[in-house]
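Commentary on secondary and tertiary structure
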Amino acid sequence: MRLLIIEDETRMAQALQSGLRADGFAVDVANDGPSGLEAARHGSFDVVIVDIMLPGMSGYEIIRTLRSERNWVPMIVLSAKDGEYDQSDALDLGADDYLTKPFSYVVLLARLRALLRRGAPARPSILTVGDLELDPAQHTVQRGGTDISLSLREFSLLEYLMRNAEQVVTKIKLLDHVWSAAADTHVNLVEVYIGYLRRKVDIPFGRNSLRTVRGAGYRLTADPA
Ligand code: CA
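Keep in mind it's a predicted model, so treat the numbers as computed, not measured. (Residues numbered from 1 in each chain as written. Predicted model: local features only at pLDDT ≥ 70, side-chain atom pairs only at ≥ 80, totals over all residues. Heavy atoms only, no water.)

A short note on the sheet that holds strand 12 (residues 217-220)
In a beta sheet, neighbouring strands are held together by backbone hydrogen bonds and run either parallel or antiparallel to one another. Inclusion rule: Think of it this way: DSSP has to see at least two bridges between two strands before they count as a pair. Helix and strand definitions here come from DSSP, where helices need a minimum of 4 consecutive H or I residues and strands a minimum of 2 consecutive E residues; each element is numbered from the N-terminal end.
Spatially, three strands are ordered 10-12-11 in an open sheet, and the strand pairing comes out antiparallel. Every other strand in the sheet has two partners, leaving strand 10 (168-169) and strand 11 (210-213) as the edge strands with one partner each. When strand 10 meets strand 12, the two strands line up antiparallel, connected through two bridges. Directly across from Val169, in strand 12, lies its bridge partner Tyr218.

Okay, here's the thing in structure tokens:
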């Protein structure tokens with residue numbers, strides 16, 4: 001089992017790391033918000049333990065960012081008793097459990113084991129259209145087994161099109177679902193992003209799966225090779 005501890009108090013982080021290592025866990029440590037977020041994004045951890053007050057980016061922002069990226073790694077929040085946030089905020093934002101500092105190591109270990117016993121969190125299943133596959137939980141896209149790297153926005157756009165495959169989806173609908181409440185968006189933006197997507201999921205593979213339906217919108221089809 002691999003754990004990530006995001007904690008700026010180095011003595012606390014080191015004590016946790018050596019205790020958890022002695023209990024058989026592989027443990028990585030990040031000492032500030034941004035490096036913690038990067039580690040959580042790219043490492044494959046079974047649980048992330050995150051402090052709230054961190055330099056650079058709070059624990060809350062880390063949780064919110066990961067969840068918005070559909071990263072469902074189980075997270076335990078460590079919060080100070082008189083902190084500016086409420087513990088229920090942590091759970092609202094998508095943490096799985098929290099502990100108030102100071103906490104006992106034995107309690108942390110028990111919570112950790114309970115979380116691991118719960119198993120992998122429920123995650124959306126993989127979407128498939130022809131040989132195009134999108135995994136909302138792992139945030140990956142493949143065409144015929146070849147990895148495709150998409151920006152967050154391109155990913156959301158493709159995900160929506162895949163959930164509505166073989167149907168005509170209007171530009172307005174795409175704006176609503178992919179750009180949500182953004183104020184100054186225009187349907188032209190959808191056209192631009194459809195162009196980006198084609199250059200990543202179709203053109204390199206000699207496909208034409210992302211069709212323009214003139215005057216109506218777009219339709220994603222299986223388009224066999
Ligand atoms: Ca702190």
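Observations concerning helix 1 (residues 10-22)
Counted only if it meets this: Here the expected length of a helix is defined as 1.5 Å per residue gap, with one fewer gap than residues. Burial here depends on accessible area, computed with a 1.4 Å probe over protein chains only, as a share of the maximum for the residue type. Under 20% is buried, over 50% is exposed, and the range in between is partly exposed. Contacts were defined at the residue level, with two residues in contact if any of their heavy atoms lie within 4.5 Å.
Over its 13 residues, helix 1 extends 18 Å from the first C-alpha to the last, a length consistent with the 18 Å expected when each residue adds 1.5 Å. Of all the positions in helix 1, only Ala13, Leu16, Gln17, Gly19 and Leu20 are classed as buried. Of the surrounding elements, those touching the buried residues of helix 1 are strand 1 (2-6), strand 2 (26-30), strand 3 (47-51), strand 4 (75-80) and helix 5 (105-117). Just past helix 1, the residue Gly24 takes up positive phi, approximately 95 degrees.

Description of the nonpolar core
Note the following rule: To define a nonpolar core, start from buried Ala, Val, Leu, Ile, Met, Phe, Trp, Tyr and Cys residues and group those joined through side-chain atoms within 4.5 Å.
The biggest cluster of nonpolar side chains holds 26 residues, and the ones touching the most others in it are Val141, Leu157, Leu158, Leu161, Met162, Leu174 and Leu197. Those elements giving two or more residues to this core turn out to be strand 6 (127-129), strand 7 (132-135), helix 6 (152-163), helix 7 (171-179), helix 8 (187-202) and strand 12. No other element matches the six residues that helix 6 contributes to this core. Leave out the neighbours within four places in its chain, and Leu174 touches Leu157, Tyr160, Leu161, Val169, Trp179, Val190 and Tyr218. One finds Ala30, Leu37, Val50 and Ile63 within the second-largest nonpolar core, a separate group that totals 20 residues.

So, helix 3 (residues 59-68)
Of all the 10 residues making up helix 3, seven are buried; the element is thus mostly covered by neighbouring parts of the structure. Within the span of helix 3, buried status applies to Gly59, Tyr60, Ile62, Ile63, Thr65, Leu66 and Arg67.

Considering the coordination of the calcium ion
Inclusion rule: Counted as donors are N, O and S atoms no farther than 2.8 Å from the metal, or 3.2 Å for Na, K and Ca; water is not among the atoms, and sites may therefore look incomplete.
At the metal site, the calcium ion is ligated by Asp8 (OD), Asp51 (OD) and Met53 (O), and these contacts range over 2.1 to 2.3 Å. Of note, the donors binding the calcium ion are all from one chain and are spaced D-x42-D-x1-M. A residue pair is termed long-range when its members are at least 10 positions apart, and Asp8 in the loop between strand 1 and helix 1 and Asp51 in strand 3 qualify at 43 residues. The class for Asp51 is buried, based on a relative accessible area of 4%.

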